[in-house]
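The lines below spell out each chain.
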Amino acid sequence: EASKEVLKASEHDDDKDADGDGVADVDQIPPDQLLKRKISVAMMSIKDPHVVQSAVGSLWSAYLAVLATLKMQFAQTVALALGIVEMVKYPVVKAVSPLLAAGLGKDLAHWSETIVDTILKFLVISFAWTLQSIISAFYSGLRGGRYVADGLFRLMEEHGLLENVPDWIAKTGLVNKPYDPDNIWGDELIMYLFFAGGFIYQFPKLLIPGVLPDIPFPINLILLPVSILEAVLKWQVTFGAINSAPTG
């Protein structure tokens, strides 16, 4: 409700022409003043600031919950990778470090085992993260396909399109009349098609980053906020700390 009031107030403000010159006031002021004006309009249109405070607090709590879950998965992945390293480190170090020591020379030979151990950990952790990314891509592809299929069939139901489906198609079980999502397989077909498309697109990018182009224009602009959020989450999961804040 608060967002609707803000939007309505902003639209009303866009139409104001205080000096009567035929040009809206918002089109005659510099960007910094426009920003201040819109912030003031938004704040004045919200009659109960506590509602906004509560909503922001809820969003922050949800963000922290997601961050904590991702950090736990990150810790599990790293622990798994380090466990694998401990299992294979001895034979790898014994086999590779003498060769590396010979290449480094007498003065740097004592660094050989440390270098091999570090490189091994880096490779195994990267491998573990790649596997985790593939699992996550597989799961998110299935979930995303399900959301698309459910949403598509609900839209068709709301607009009465399913009622106009020929009877011979309804008899196949692809759709039904009246609509019953538990007794059709058309939504499953759409789900798996979207899943296959998404996963097949992501899989090579996970194995070899840069092998495929990024999200094409203009979809990349639409998904820009999501991409920014993903980058922030990656940074915080890897390097940041989870700090709680009062939710009001």
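Residues numbered from 1 in each chain as written. Predicted model: local features only at pLDDT ≥ 70, side-chain atom pairs only at ≥ 80, totals over all residues. Heavy atoms only, no water.

Turning our attention to the environment of I134. Within the secondary structure, I134 is located in helix 4 (residues 112-158). Taking the C-alpha atoms as reference, I134 lies 8.4 Å from Q202; in sequence the two are 68 residues apart. When near neighbours in sequence (up to four residues on either side) are disregarded, I134 contacts F199, F203, L206 and L207. (Helix = DSSP H or I, 4+ residues; strand = E, 2+ residues; numbered from the N terminus. Contact = heavy atoms within 4.5 Å.)

Between its terminal C-alpha atoms helix 2 (residues 31-45) stretches 21 Å, which fits the 21 Å expected from 15 residues at 1.5 Å a residue. The set of residues buried in helix 2 consists of V41, A42 and S45. Projected down its long axis, helix 2 carries its buried residues within an arc of 95°, all on one side. Residues of helix 2 that are exposed and angled more than 90 degrees away from the buried face: K36, M43 and M44. (Expected span 1.5 Å × (residues − 1). Buried < 20%, exposed > 50% of the residue type's maximum accessible area, 1.4 Å probe, protein only. Arc of directions from axis to C-beta.)

Let's shift gears to a nonpolar patch on the surface. Where nonpolar side chains cluster on the molecular surface, the patch consists of V148, W185, L189, L193 and F194 and spans about 490 Å² of accessible area. It is helix 6 (residues 186-207) that provides the largest number of residues to the nonpolar patch, a total of three residues. Counting through the fold element by element, F194 comes out in helix 6. (Patch = residues over 30% accessible without salt bridge, like charges linked within 9 Å, V, L, I, M, F, W, Y side chains within 5 Å. Areas by Shrake-Rupley, 256 points an atom, 1.4 Å probe, with all protein chains shown as cover. Salt bridge = Lys/Arg side-chain N within 4 Å of Asp/Glu carboxyl O.)

A word on the side chain of D187. Within the fold, D187 resides in helix 6. With a relative accessible area of 2%, D187 lands in the buried category. For D187, the contacting residues outside a window of four places in its chain are R146, A149, D150, F153 and P181.

Turning next to the nonpolar core. By size, the foremost hydrophobic cluster in this structure holds eight residues: A149, F153, L162, V165, V175, I184, I190 and M191. Counting only elements with at least two residues in this core, the list comes to helix 4 and helix 6. In this structure, A81, V85, L120 and V124 belong to the second largest nonpolar core, which totals five residues. (Core = buried A, V, L, I, M, F, W, Y, C linked by side-chain atoms within 4.5 Å.)

To continue, consider the packing of helix 4 against helix 6. Relative orientation of the contacting elements helix 4 and helix 6 amounts to 150°, with a least axis distance of 7 Å. Between helix 4 and helix 6, the angle is such that the two are roughly antiparallel. Crossing of helix 4 over helix 6 shows right-handed handedness. In terms of residue class, the contact of helix 4 with helix 6 is made up of 17 nonpolar, six polar and four charged. (Axes fitted to C-alpha atoms, helices over the stretch in contact; angles between N-to-C directions. Parallel < 35°, antiparallel > 145°, perpendicular 65-115°, else oblique. Left-handed = near helix turned anticlockwise from the far one by under 90°. Nonpolar A, V, L, I, M, F, W, Y, C, P; charged D, E, K, R; others polar.)

Once that is clear, we can look at the confidence of the model for the chain. In the predicted model, the chain carries a mean pLDDT of 81, and the fraction of residues at 70 or more is 91%. Looking over the chain, one finds the lowest element-wise mean pLDDT in helix 5 (residues 167-171), namely 77, and the highest in helix 4, namely 87. (pLDDT = per-residue confidence, 0-100.)

The subject of this paragraph is the pattern of salt bridges. Enumeration over the complete set of coordinates arrives at nine salt bridges. Measuring nitrogen to oxygen at the nearest pair gives 3.9 Å for the salt bridge that ties K89 to D117. Linking K89 in helix 3 (residues 49-104) with D117 in helix 4, this pair joins segments that are 28 residues apart in sequence. You can call K89 partly exposed: its relative accessible area is 25%. Classification of D117 by relative accessible area gives buried; the value is 16%. Here R146 makes a salt bridge to E188, at a shortest N to O gap of 2.7 Å. With R146 in helix 4 and E188 in helix 6, the pair connects residues that are 42 residues apart, well separated along the chain. The partly exposed category is assigned to E188, whose relative accessible area is 28%. One salt-bridge network, held together by shared partners, links D13, D14, R37 and K38.

Before going further, it helps to spend a moment on the packing of helix 3 against helix 4. The N-to-C vectors of helix 3 and helix 4 enclose an angle of 145°; their axes lie 6 Å apart at closest approach. Remark: the crossing between helix 3 and helix 4 carries right-handed chirality. For the contact of helix 3 with helix 4, the class distribution of residues is 19 nonpolar, four polar and five charged.

Going through the model one piece at a time under the given rule, you end up with five aromatic pairs. Aromatic side chains F195 and F199 sit 5.8 Å apart centroid to centroid with 20° between the ring planes, which places their arrangement in the stacked category. You can see F195 and its partner F199 sitting in helix 6, four residues apart, about one turn around the helix. Note on accessibility: F195 and F199 belong to one class, buried. Ring pairing ties together the aromatic residues F138, F195, F199 and F203, which thus form one cluster. (Phe/Tyr/Trp six-rings, centres within 6.5 Å; stacked < 30°, edge-to-face > 60°.)

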